[in-house]
Amino acid sequence: MADKAFASSADLAEKEQTLELLADGVYALTAEGDPNVGAIEGEDFLVCFEAMATPIAARRWLARLREQTDKPVRYLVLSHYHAVRVLGASAFGAGIIVTHEKTRELIAERGRADWESEYARMPRLFREPSSIPGLTWPTATFTDRFTIDLGGGRGDLVLQYCGRGHTEGDIVAWLPEQQILFGGDLVEAQAALYTGDAFHRDWAAGTLDRVAALAAETLVGGRGAVAYGADACAAAIGQTRHFLDVMLAEVGAVHERGGTLSEAFAAAHGALASRYGRWPIFEHCMPFNIERPRIWTAQRDREVWDELQG
Ligand SMILES: [Zn+2]
């Protein structure tokens, strides 16, 4: 039996990117399970949500967006610190880069290690990695809520912290009038969860409760298709919660009886594979989902992978 290729290192087939107009001046770009991005038009400016892995990758997205609007990017909102969502930031020319305060701390603490880790795990997303000028630093941070007045009768865009989840500093972007939610990696729609930096219990309970309480009618998750309608939004949140609940139960039971990491991996993988095994990045993520070391490095990634998937 051949060993499984490390993480997503063998996933080299180009994904098709689809630009969707969610409402007047509200855009999402999805890509068959690759990280989603979005944009919201203000009266005379743009807010972009997520930055992709490199400036060159981001420029492709911006070229698509420029077919719709030539307004300058005033705000770049980053939902959390992960490299594949932030390192393309320089392409946007944004005056203001907004994150949660905790995200700034995570970038300082582990941004460099995460860059190397994610590059090895998902090399295809790092289109022309030499175009990355360095770590991305926010120029504005907040702890609970940050409201952007879109002007011209377009209402507000509300950036909101819902509690610890996929990382310690995830935020969502919410358009209350249109009931459109950009959930970042706090919600996945038909894509597997990555929980290597996660606070599983908080995420599965209060954090997802607060996301659900927004009662979105349209939801753009971190990966996967756009969810249209209240039922589809609830299903995406429900799937995310179920994935976490199963992991908590399976890994918790092995831990309780003093089992090994391999046993915990086998139990969680076995319980989730029938429902989620064919979804994007499932096999890639699972070995990194079982325990939460303080910081993932490229070297630690390999050791865990070889132990559990090799
Ligand atoms: Zn992430």
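The structure this text deals with has already been given above.
The sections below set out a description of the structure shown in this document. Values in this document were obtained by computation on a predicted structure and should not be read as measured data.

Reading guide: rules and limits
Residues numbered from 1 in each chain as written. Predicted model: local features only at pLDDT ≥ 70, side-chain atom pairs only at ≥ 80, totals over all residues. Heavy atoms only, no water. Helix = DSSP H or I, 4+ residues; strand = E, 2+ residues; numbered from the N terminus. Buried < 20%, exposed > 50% of the residue type's maximum accessible area, 1.4 Å probe, protein only. Contact = heavy atoms within 4.5 Å. Polar contact = N/O pair within 3.5 Å; in protein donor to acceptor, adjacent residues only side chain to side chain. Donors = N, O, S within 2.8 Å, 3.2 Å for Na, K, Ca; no water. Tetrahedral: all angles 85-135°; square planar, octahedral: opposite > 155°, others 65-115°. Arc of directions from axis to C-beta. 1 Å grid on protein atoms, 1.4 Å probe; cavity = no way out; pocket = protein on both sides within 12 Å on 5 of 7 lines; lining within 4 Å. Points joined across faces, edges and corners; volume = space filled by probe spheres on them. Nonpolar A, V, L, I, M, F, W, Y, C, P; charged D, E, K, R; others polar. Salt bridge = Lys/Arg side-chain N within 4 Å of Asp/Glu carboxyl O.

**Let's talk about the environment of K4**
Tracing the chain through its elements places K4 in the segment before β1 (18-23). Judged by relative accessible area, K4 falls into the partly exposed class, the value being 39%. Each C-alpha atom of the pair K4 and N289 lies 17 Å from the other, and the pair is 285 residues apart in sequence. Those residues within four positions of K4 in sequence are excluded, and the remaining contacts are E283, W305 and Q309. A polar contact of 3.3 Å, which involves the side chain of K4, links it to the side chain of Q309.

**Some points on the side chain of T30**
Turning to its location among the elements, T30 is positioned in strand β2 (residues 26-31). Those residues in contact with T30, other than ones at most four positions away along the chain, are E16, Q17, T18, E20, N36, G224 and V226.

**Here we look at the coordination of the zinc ion**
The protein atoms that coordinate the zinc ion are H80 (NE2), H82 (ND1), H166 (NE2) and D185 (OD), at distances spanning 2.1 to 2.4 Å. Every donor counted, the four donor atoms about the zinc ion form angles of 89 to 177 degrees at the centre, which fits irregular coordination.

**Let's talk about helix α8 (residues 298-308)**
Those residues of α8 not exposed but buried are D301, V304, W305 and L308. Looking straight down α8, one finds its buried side chains confined to an arc of 100 degrees; they lie on one side. Along α8, the residues that are exposed and aim more than 90 degrees away from the buried face are Q299 and D306. Residues of α8 that are buried make contact with α3 (101-121), α6 (261-276) and α7 (282-289).

**Description of empty space enclosed by the protein**
Enumeration according to the criterion identifies three cavities of 30 Å³ or more in this entry. Along its surface, the largest cavity is lined by 17 residues, and H82, E118, M122, Y194 and R223 are the ones closest to its centre. Here the lining of the largest cavity is composed, by residue class, of seven nonpolar, four polar and six charged. The computed volume of the second largest cavity comes to approximately 50 Å³. Looking at the second largest cavity, the residues that line it are Y81, A83, V86, L87, I107, G111, D114, W115, L135 and T136. Listing elements by their share of the lining of the second largest cavity, those giving two or more residues are α2 (83-86) and α3. For the lining of the second largest cavity, the leading source of residues is α3, giving four residues. Per-class residue counts for the lining of the second largest cavity are seven nonpolar, two polar and one charged.

**A look at the pattern of salt bridges**
Going through the model one piece at a time under the given rule, you end up with 21 salt bridges. Close ionic contact of K71 with E41 constitutes a salt bridge, the shortest N to O distance being 2.7 Å. Of this pair, K71 sits in the loop between α1 (55-66) and β5 (73-77) while E41 sits in strand β3 (residues 34-41); the two residues are 30 residues apart in sequence, bridging distant segments of the chain. Across this residue pair, the class does not change: K71 and E41 are buried. R110 is paired through a salt bridge with E109; the nearest N and O atoms lie 2.7 Å apart.

Geometric descriptors of this kind do not, in isolation, establish any biological role.
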